[in-house]
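One letter stands for each residue in the lines below.
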Amino acid sequence: MSLWGKTVTKESFTHCPNGHEELKDVPVLYGLLAWTPELHEQAANLEFWPGGCVGMGEKTKVICTKCRYSYDANLAYWEKQGTHPSDFERPLSKLIAAFPIDQAAYYQGIRDGAFYSESLCYWSSEKTGQIEARILRYLRQERLNPSVTKSSFQDRRTLTIKCKSNDRWIVVDITYHGHMKQTYIRVDVLAEQAARIADRSAFVAES
Ligand SMILES: [Zn+2]
């Protein structure tokens, strides 16, 4: 049975993962939006929620009006996106919060009240080799023991760095996009369940 397209309403919860009771069912708007100032304001007022281009069929989404964590009914977790580690009600793990980058998109997922996943991603025009060296240095400073694999697909070259810290799995993908001459960096810190769902099962098994 597929859970995709399931809609959950605020009646399913007494509070958000941060203890706030101010929950709201916000209509989801799918597709590529033309972001006018009006639309920005409506989104800020939680008149709608941008659902992205891959429609999952949720008509409404449960949002905490206080901390803006939203409930993902398909993956059964609360998530929040921010542009700075200080945007998060719950402090991000040190590895993500102290990651050596000025600007990135940050994500946090909380499942059953506990840590589930945290990510950051950004584009860079810096030389890929320099990015790789800096990230590996950072991970080693954190006393992690990263392993590195390389793969490629069409004009993309990816370096994947994996390591484990206590009960968390860390995956860094550094992908050079040849036609854009830009590199996309994504860092995931995952609880075991999230690591398994993210198709890192081989990684979980070998760790
Ligand atoms: Zn809240």
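For clarity, every value in this text was computed on a predicted model and none was experimentally measured.

**Side note on the overall build of the protein chain**
Phase 1 of the analysis: In terms of helices and strands, the protein chain carries five helices and eleven strands.
Phase 2 of the analysis: A compact globule built from 207 residues should have a C-alpha radius of gyration of about 17 Å, and the protein chain, at 18 Å, falls within 12% of that.
Phase 3 of the analysis: Along the longest, intermediate and shortest principal axes, the C-alpha atoms of the protein chain span 45 × 40 × 35 Å.
Phase 4 of the analysis: Residues counted as buried form 24% of the 207 residues belonging to the protein chain.

**Quick word on the pairing of strand β1 (residues 23-30)**
Working note: regular strand, side chains alternate between the two faces of the sheet.
Phase 1 of the analysis: Pairing of β1 with strand β3 (residues 60-64) involves five bridges; the strand directions are antiparallel. Paired with P27 across the bridge in β3 is T60.
Phase 2 of the analysis: In this structure, β1 lies alongside strand β2 (residues 49-52), joined through three bridges in parallel fashion. Counted as the bridge partner of V28 is W49 from β2.

**Notes on the domain arrangement of the protein chain**
Much of the literature gives interface size as the accessible area that the parts lose upon coming together.
Phase 1 of the analysis: In terms of domains, the protein chain is made up of domain 1 (1-74) and domain 2 (76-207).
Phase 2 of the analysis: For domain 1 and domain 2, the distance between their C-alpha centroids amounts to 25 Å.
Phase 3 of the analysis: Tallying the contact residues gives nine residues for domain 1 and eight residues for domain 2.

**Thoughts on the environment of L23**
Phase 1 of the analysis: Note that L23 resides in strand β1.
Phase 2 of the analysis: On the neighbour-count criterion, L23 (21 C-beta atoms within 10 Å) is buried.
Phase 3 of the analysis: Measuring from C-alpha to C-alpha, the distance between L23 and F13 comes to 8.4 Å, with ten residues separating the pair along the chain.

**So, the nonpolar core**
Phase 1 of the analysis: W78, I96, L120 and V187 are the most contacted members of the largest nonpolar core, which totals 34 residues.
Phase 2 of the analysis: Built from parts of two domains, this core gets at least three residues from each of domain 1 (1-74) and domain 2 (76-207).
Phase 3 of the analysis: Contact partners of L120, with chain neighbours within four places excluded, come to I96, F99, A104, A105, Y106 and V187.

**So, unusual backbone geometry**
One can expect most non-glycine residues to show negative phi and most peptide bonds to be in trans.
Phase 1 of the analysis: Phi is positive for A76, close to 55 degrees, though the residue is something other than glycine.
Phase 2 of the analysis: In this structure, A76 sits in the loop between β4 (70-72) and β5 (77-82).
Phase 3 of the analysis: Of note in this structure, R143 is not a glycine but carries a positive phi near 60 degrees.
Phase 4 of the analysis: Along the chain, R143 turns up in the loop between α3 (128-141) and β8 (147-153).
Phase 5 of the analysis: Here R143 falls in the exposed class, since 8 other C-beta atoms lie within 10 Å of it.

What counts, and where the lines are drawn
Residues numbered from 1 in each chain as written. Predicted model: local features only at pLDDT ≥ 70, side-chain atom pairs only at ≥ 80, totals over all residues. Helix = DSSP H or I, 4+ residues; strand = E, 2+ residues; numbered from the N terminus. Rg over C-alpha atoms; globule rule 2.2 N^0.38 Å. Buried ≥ 20, exposed ≤ 12 C-beta atoms within 10 Å, placed from the backbone. Pairing = 2+ DSSP bridges. Domains from an automatic or database assignment. Contact = placed C-beta atoms within 7 Å. Core = buried A, V, L, I, M, F, W, Y, C linked by C-beta atoms within 7 Å.

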